[in-house]
Amino acid sequence: MTCPRAHDCSLAPKLDGTNRLMRVLRHLYCDYNSHQCARVRLAALDQDVPPDLLPNGHSRSLLRQQGS
Ligand code: SF4
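Keep in mind the model is a prediction, meaning the values are calculated, not measured.

Trainee: What am I meant to see in the side chain of arginine 39 here?
Mentor: Assignment of secondary structure puts arginine 39 in helix α3 (residues 38–44). Aspartate 52 provides the closest opposite charge to the buried, unpaired arginine 39, separated from it by 6.5 Å. A distance of 3.1 Å separates a polar side-chain atom of arginine 39 from the backbone oxygen of proline 50. Sequence-distant contacts of arginine 39, defined by excluding residues within four places in its chain, comprise Cys9, Ser10, Leu11, Val49, Pro50, Pro51, Asp52 and Leu53.

Trainee: Please clarify how the site of the ligand should be interpreted in this entry.
Mentor: All residues in the neighbourhood of the ligand are listed as Met1, Cys3, Ala6, Cys9, Leu15, Cys30, Ser34, Cys37, Arg39, Val40 and Pro55. The residue inventory of the shell around the ligand, partitioned by class, reads 9 nonpolar, 1 polar and 1 charged.

Trainee: I'm lost on the pattern of salt bridges in this one. Help?
Mentor: Pairing of side chains with opposite charge becomes possible as their charged atoms draw close. A complete count under the given rule lists 2 salt bridges for this structure. For arginine 26, the salt bridge goes to aspartate 16, with nearest N and O atoms at 1.9 Å. Note that arginine 26 is positioned in helix α2 (residues 20–30) and aspartate 16 in the loop between α1 (12–15) and α2, a separation of 10 residues in sequence. With a relative accessible area of 51%, aspartate 16 lands in the exposed category. For aspartate 31, the salt bridge is made with arginine 26, and the minimal N-O distance between the two is 3.4 Å. Among the ionic contacts, a cluster of salt bridges with common partners joins Asp16, Arg26 and Asp31.

Trainee: I would appreciate a short explanation of the nonpolar core in the present structure.
Mentor: What tends to happen in soluble globular proteins is that the nonpolar side chains get buried as a cluster. Cys3, Leu11, Leu15, Met22, Leu25, Tyr29, Cys30, Cys37, Val40 and Leu54 form the largest nonpolar core, which has 10 residues in total. For this core, the element with the most residues is α2, which contributes 4 residues.

Trainee: Could you clarify how one ought to interpret α2 in this entry?
Mentor: If you check which residues of α2 are buried, you get Met22, Leu25, Tyr29 and Cys30. End-on view of α2: buried residues confined to an arc of 80°, all on one side of the axis. In this structure asparagine 19 caps α2, since a side-chain oxygen of it lies 2.9 Å from the backbone nitrogen of leucine 21.

Conventions we followed
Residues numbered from 1 in each chain as written. Predicted model: local features only at pLDDT ≥ 70, side-chain atom pairs only at ≥ 80, totals over all residues. Heavy atoms only, no water. Helix = DSSP H or I, 4+ residues; strand = E, 2+ residues; numbered from the N terminus. Buried < 20%, exposed > 50% of the residue type's maximum accessible area, 1.4 Å probe, protein only. Lys, Arg positive; Asp, Glu negative; His and termini not counted. Salt bridge = Lys/Arg side-chain N within 4 Å of Asp/Glu carboxyl O. Polar contact = N/O pair within 3.5 Å; in protein donor to acceptor, adjacent residues only side chain to side chain. Contact = heavy atoms within 4.5 Å. Near = heavy atom within 4 Å. Nonpolar A, V, L, I, M, F, W, Y, C, P; charged D, E, K, R; others polar. Core = buried A, V, L, I, M, F, W, Y, C linked by side-chain atoms within 4.5 Å. Arc of directions from axis to C-beta.

Here you go:
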């Protein structure tokens, strides 16, 4: 990961797993475009970052409810 926040991102370990969606998100955001990550952008605004907020702005719990 090239994201400068990876060391204290609570989501980072989950993005290293075997889930295909998580791997795609890691590739799209954490490895190449961390400046576009919703977590990075919220933190830059001094806003609380919800633990289940995905880099694309969706929530993990919502995706689970939808069966993803
Ligand atoms: S989810 Fe966002 S904050 Fe966390 S490591 Fe990936 S790019 Fe960085």
